[in-house]
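Structural overview for review
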Amino acid sequence: MLRDAVKDLNGKNNQKFSYTFTILGASGNLAKKKIYPTLWALYRDELLPKNINIIGYARSNLTVADIKSGCCSYISKTDHESEKIGLFFRMNRYIQGLYDSSKDFRNLNDVISSLEKTPSANRIYYLALPPGLYTGVTSIIKEEGMSSKGWTRIIIEKPFGRDSESCHALSMHLFSLFKEDQIYRIDHYLGKEMVQNLMALRFANRIFSPACNRESIAAVRILFKEPFGIEGRGGYFDNYGIIRDVMQNHLLQILSLVAMDKPVSTCAEDIRDEKVKVLRCVEEVELGNVVLGQYVGNPELDGEAKNGYLDDPTVPNDSLTATYALAACFINNEKWQGVPFILSCGKALDERKAEVRIQFRDVCRDIFNGKCKRNELVIRVQPCEAILVRLMNKIPGITFDIEEMELDLRYKSKYKDLVLPDAYERLLLDVFCGSQVNFVRNDELDEAWRIFTPVLRKIEEEKIKPLSYMFGSTGPSQADELIERLGFKF
Ligand code: BG6
């Protein structure tokens, strides 16, 4: 599929089209860790269009060689040795400029124009920048940087505002400059294999599709855990907190894919229409259904784990920002009313894991002496992608006892030598191909903020103190208590 899309990009009209991919914020972490390595991987796998120029733009006085050495450690070792990487960086250029200078953007535009030798020339701008710069930079792109003979697309990363109002203001600004089909809002979880698989599992399997509703499902858990703290990112993180950083976007996107109705087709607008429809039925999160935590140092562990969130030099000493959050969402529609969707996410926990657990209701009248446990469908997003179904099975042999077993589809053992593309690879390719299916539409964002803004406001106004949990633990124990109260069985 991907290769077909690229063939189309290059196509018969190879000589007619060219592309310029400009990374604004080329000296920053996102560019170094994700964007350059992703462009390289696409180039290595021959998934980039043939006529492409890559331009890095930032304030620092750098060269392409500096950019290359900056991203070296994020590119796999074997790749390093290849000559191809040299060729890749030869396609790159670097331009120094300010983000608020029309003159510097005119200069950038002159360079891009000089490279556009084909009759049609398309441009992509990736805003790998602090969100405070989005408005100014997009205005200057509109004035100085639009392609005069092809399309221009803008990629932006979250945070898209910090509440309903700021998100709305940003959207209005972007709409004054671009059409929705020019704006690619990244939520990189939508590029992950198992998140994309949710649609296939639900709508291509008769065993699951009729069961996805309140008649059969007791509770749904969507969880995200990371075993490391904020690692000096306090400047960003402390202003946003874990709800805005992970829950309101990545986890809510997963929720919408788990709960939405079957779309009319797999086209972007049909899928996004269904996601919005279900999000509109999600009730605002209530404070009583939320547990907040903040990690403290663990003297028994080494390195970063010895320090708590407040020990990080980039965090104010009295910060009340949550690094762990659990929230129950309820969907007020015929299909899901009463079923808790329990979202939880946290930094500095015991392991790295992102998972969806769909727990079925208890069987009616357990004739096996109360031994029946609930069935569960588990979609492990990472690490070690897997689909697991927990079910009750007769213990083989002469007895008539039952036990819990697992049907497993672990990708590592099922698909030998499988190398899954990184989420960013799929997403950047989508931008070239003009597919918005894995990007967040404006009205999805509005709903996401509607669901979380009131509770975020309450947390801030009432200065709610997060519960302490130890670095390397499973989070505050009160979260487990709430999960049980909500009817999810461990
Ligand atoms: C980002 C968050 O969106 O997702 C980070 O800002 C988080 O705080 C990251 O660490 C997790 O992404 P992944 O792909 O490593 O699970």
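In case you missed it, the structure is sitting above this.
Scope of this entry: the structure provided in the associated data block. (Residues numbered from 1 in each chain as written. Predicted model: local features only at pLDDT ≥ 70, side-chain atom pairs only at ≥ 80, totals over all residues. Heavy atoms only, no water.)

A sheet is described by the order of its strands in space; here 9 strands give the open sequence β14-β13-β12-β11-β7-β10-β9-β8-β15, paired in mixed fashion. In the strand order of this sheet, the two ends are held by β14 (402–410) and β15 (467–470), each with one partner. This sheet shows a mean twist of 20° between the axes of neighbouring strands, independent of strand direction. As paired elements, strand β9 (residues 324–330) and strand β10 (residues 340–346) share 7 bridges and run antiparallel to each other. (Pairing = 2+ DSSP bridges. Helix = DSSP H or I, 4+ residues; strand = E, 2+ residues; numbered from the N terminus. Axes fitted to C-alpha atoms, helices over the stretch in contact; angles between N-to-C directions.)

Taken together, the side chains of L409, Y415 and L418 present a nonpolar region at the surface, about 250 Å² in accessible area. Here Y415 shows up in the loop between α12 (411–414) and α13 (423–433). For Y415, a relative accessible area of 40% gives the class partly exposed. (Patch = residues over 30% accessible without salt bridge, like charges linked within 9 Å, V, L, I, M, F, W, Y side chains within 5 Å. Areas by Shrake-Rupley, 256 points an atom, 1.4 Å probe, with all protein chains shown as cover. Salt bridge = Lys/Arg side-chain N within 4 Å of Asp/Glu carboxyl O. Buried < 20%, exposed > 50% of the residue type's maximum accessible area, 1.4 Å probe, protein only.)

So, on to the packing of helix α2 (residues 29–44) against α13. The geometry of α2 relative to α13 is characterised by a closest axis approach of 9 Å and an angle of 70° between their N-to-C directions. By the angle between their directions, the pair α2 and α13 is classed as roughly perpendicular. Crossing of α2 over α13 shows right-handed handedness. Taken together, the residues of α13 that come into contact with α2 (itself represented by L30, K34, T38, L39, A41 and L42) are Y424, E425, L428 and L429. (Parallel < 35°, antiparallel > 145°, perpendicular 65-115°, else oblique. Left-handed = near helix turned anticlockwise from the far one by under 90°. Contact = heavy atoms within 4.5 Å.)

Bringing the site of the ligand into the picture now. All residues in the neighbourhood of the ligand are listed as K158, H188, Y189, K192, F224, E226, R233, D245, H250, K347, R352 and Q382. In this structure, Y189 approaches the ligand through a side-chain N or O atom, which is 2.4 Å from an oxygen atom. In the model, an oxygen atom of the ligand is placed 2.7 Å from a nitrogen or oxygen of the K192 side chain. Expressed as a share of its isolated accessible area of 390 Å², the protein-covered part of the ligand is 79%. (Near = heavy atom within 4 Å. Polar contact = N/O pair within 3.5 Å; in protein donor to acceptor, adjacent residues only side chain to side chain.)

Pairing is parallel in the open sheet, where 6 strands are placed in the order β3-β2-β1-β4-β5-β6. Strands with a single pairing partner mark the edges of an open sheet, and in this sheet they are β3 (92–96) and β6 (183–186). Looking at each pair of strands side by side, their axes are set apart by 20° on average, direction ignored. Relative to strand β4 (residues 120–127), strand β1 (residues 17–24) runs parallel, the two being bridged by 8 bridges. Looking at the pairing, T20 lines up with R123 of β4. On top of the sheet, helix α7 (residues 134–145) reaches β1, β4 and β5 (152–157); it is set at about 165° to β4, its chief contact.

So, about the packing of helix α10 (residues 234–259) against helix α14 (residues 442–461). Across the interface, α10 lies against α14 with an axial gap of 11 Å and an inter-helix angle of 145°. Of the two possible hands of crossing, α10 and α14 adopt the one that is right-handed. Residue-level inspection shows I243, R244, M247, Q248, L252 and Q253 of α10 in contact with α14, the latter providing E444, A448, W449, I451, F452, L456, I459 and E460.

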